[in-house]
Amino acid sequence: MESEVRILIVDDEEDIIEFLKYNLVKEGYQVEVALDGQQAIELANSFQPHLIVLDIMMPGMDGIEVCEKLREMPNHKDTIIAFLTARSESFTQITALEIGGDDFINKPIKPNVFKARVKALIRRHPELGVRQENFVSFGDLKINHEQFTVILKDKEIVLAKKEFELLTLLTSKPGKVFKRSEILSKVWGSEVIVGDRTIDVHIRKLREKIGSHYIHTMKGVGYKFDM
């Protein structure tokens with residue numbers, strides 16, 4: 001299933017654009033970018049984003065003017081607009097809220113804080129608020145922890161109970177290497193006595209079902225989930 005959340009990033013600094021896009025794409029969002037105000041309006045109309053992350057200070061048409069123009073268009077009445085702003089721009093922030101901005105993301109931007117703010121902002125959108133609570137997305141992979149389902153692209157993948165628990169553990173902290181002892185403790189606990197071979201078998205089955213590129217082996221240590 002393709003991610004249904006569309007995000008447009010607008011900033012005149014390409015390094016910031018790339019940084020933000022990289023972090024959002026890793027979360028499974030559809031992302032487009034614009035380097036100026038005019039391009040932002042054109043992309044907003046063709047891409048129809050649910051969320052626009054919009055820099056205030058841009059040459060030519062600044063973020064305030066872009067927001068004002070978008071709010072005049074009926075098809076952007078529900079679009080969430082979050083401004084990128086320096087903490088010192090308090091007067092500009094007031095103006096931005098008055099003309100239709102929804103929130104602010106302060107610079108300098110910390111990746112984990114940024115991703116958390118984006119998730120919170122998405123929940124405000126009337127089309128996405130309920131559905132996004134249930135899913136965690138990693139590219140083409142979606143996990144619904146309430147329904148114990150896994151969707152890869154547009155197909156549901158059937159996992160055994162321990163396979164699902166193992167995937168849930170690994171995806172709880174993407175990039176973290178989980179040691180074998182930790183995996184055994186958290187997935188199998190004291191239910192039965194199992195060995196390393198049990199973990200390897202379940203990892204192999206997971207890779208067969210969701211693809212081998214998500215789960216990485218750290219020789220002599222354990223496994224990690226990454227994209």
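First, a word on what this report is: a plain description of the structure on this page. What you see is a predicted model, and the numbers here were worked out from it, not measured in a lab. (Residues numbered from 1 in each chain as written. Predicted model: local features only at pLDDT ≥ 70, side-chain atom pairs only at ≥ 80, totals over all residues. Heavy atoms only, no water.)

On to unusual backbone geometry, then. As a rule of thumb, non-glycine residues mostly have phi less than zero, and peptide bonds are mostly trans rather than cis. Backbone torsion omega between Lys107 and Pro108 reads -5°, so that peptide bond is classified as cis. The phi torsion at Gln48 lies on the positive side, around 50°, for a residue other than glycine.

Right, let's get into the layout of surface pockets. Empty space within the largest pocket amounts to approximately 300 Å³. Around the largest pocket sit 16 residues that line it, and Glu27, Lys115, Lys119, Phe138 and Pro174 are the ones nearest its centre. Listing elements by their share of the lining of the largest pocket, those giving two or more residues are helix 1 (14-26), helix 5 (111-122), strand 6 (135-138) and helix 7 (161-172). Looking at the lining of the largest pocket element by element, the count peaks at four residues for helix 5. (1 Å grid on protein atoms, 1.4 Å probe; cavity = no way out; pocket = protein on both sides within 12 Å on 5 of 7 lines; lining within 4 Å. Points joined across faces, edges and corners; volume = space filled by probe spheres on them. Helix = DSSP H or I, 4+ residues; strand = E, 2+ residues; numbered from the N terminus.)

Looking at helix 8 (residues 180-188), one finds that the buried residues are Glu182, Ile183, Leu184, Val187 and Trp188. Positive phi appears at Gly189, one or two residues downstream of helix 8, with a value of about 60°. (Buried < 20%, exposed > 50% of the residue type's maximum accessible area, 1.4 Å probe, protein only.)

Spatially, four strands are ordered 6-7-8-9 in an open sheet, and the strand pairing comes out antiparallel. A strand with exactly one partner marks an edge of an open sheet, and here the two such strands are strand 6 and strand 9 (155-157). With direction set aside, neighbouring strand axes in the sheet form an average angle of 25°. Along the sheet, helix 7 contacts strand 6, strand 7 (141-144) and strand 8 (149-152); its crossing angle with strand 7, the most-contacted strand, is approximately 110°. (Pairing = 2+ DSSP bridges. Axes fitted to C-alpha atoms, helices over the stretch in contact; angles between N-to-C directions. Contact = heavy atoms within 4.5 Å.)

The full count for this structure, using the stated rule, is 16 salt bridges. Between Arg124 and Asp103 there is a salt bridge, with the nearest N and O atoms lying 2.9 Å from each other. With Arg124 in the loop between helix 5 and helix 6 (131-134) and Asp103 in strand 5 (residues 103-107), this residue pair connects regions lying 21 residues apart in the sequence. With a shortest N-O distance of 3.2 Å, Lys162 and Glu165 are connected by a salt bridge. With Lys162 and Glu165 both in helix 7 and three residues apart, this pair spans about one turn of that helix. (Salt bridge = Lys/Arg side-chain N within 4 Å of Asp/Glu carboxyl O.)

Looking at the secondary structure, you find Phe225 in strand 12 (residues 222-225). Phe225 sits in the buried class, given a relative accessible area of 0%. Sequence-distant contacts of Phe225, defined by excluding residues within four places in its chain, comprise Phe138, Leu141, Leu167, Leu170, Thr171, Pro174, Gly175, Lys176, Tyr214 and Ile215.

With that settled, the discussion passes to the environment of Arg117. Mapped onto the elements, Arg117 comes out in helix 5. The partly exposed category is assigned to Arg117, whose relative accessible area is 26%. Taking the C-alpha atoms as reference points, Arg117 and Ala82, separated by 35 residues in sequence, lie 9.6 Å from one another. Once residues lying within four places of it in the same chain are set aside, the contact partners of Arg117 are Asp103 and Phe104. Side chain to side chain, Arg117 and Asp103 meet in a polar contact 3.1 Å long. (Polar contact = N/O pair within 3.5 Å; in protein donor to acceptor, adjacent residues only side chain to side chain.)

Under the criterion given, the structure shown has four aromatic pairs. For the ring pair Phe138 and Phe225, a centre distance of 5.0 Å and an interplane angle of 70° mean the geometry is edge-to-face. One end of the pair, Phe138, is in strand 6; the other, Phe225, is in strand 12, and 87 residues separate them in sequence. A residue is classified by how much of its surface remains accessible, and Phe138, at 5% relative accessible area, is buried. One aromatic cluster is present, built from ring pairs that chain together Phe138, Tyr214 and Phe225. (Phe/Tyr/Trp six-rings, centres within 6.5 Å; stacked < 30°, edge-to-face > 60°.)

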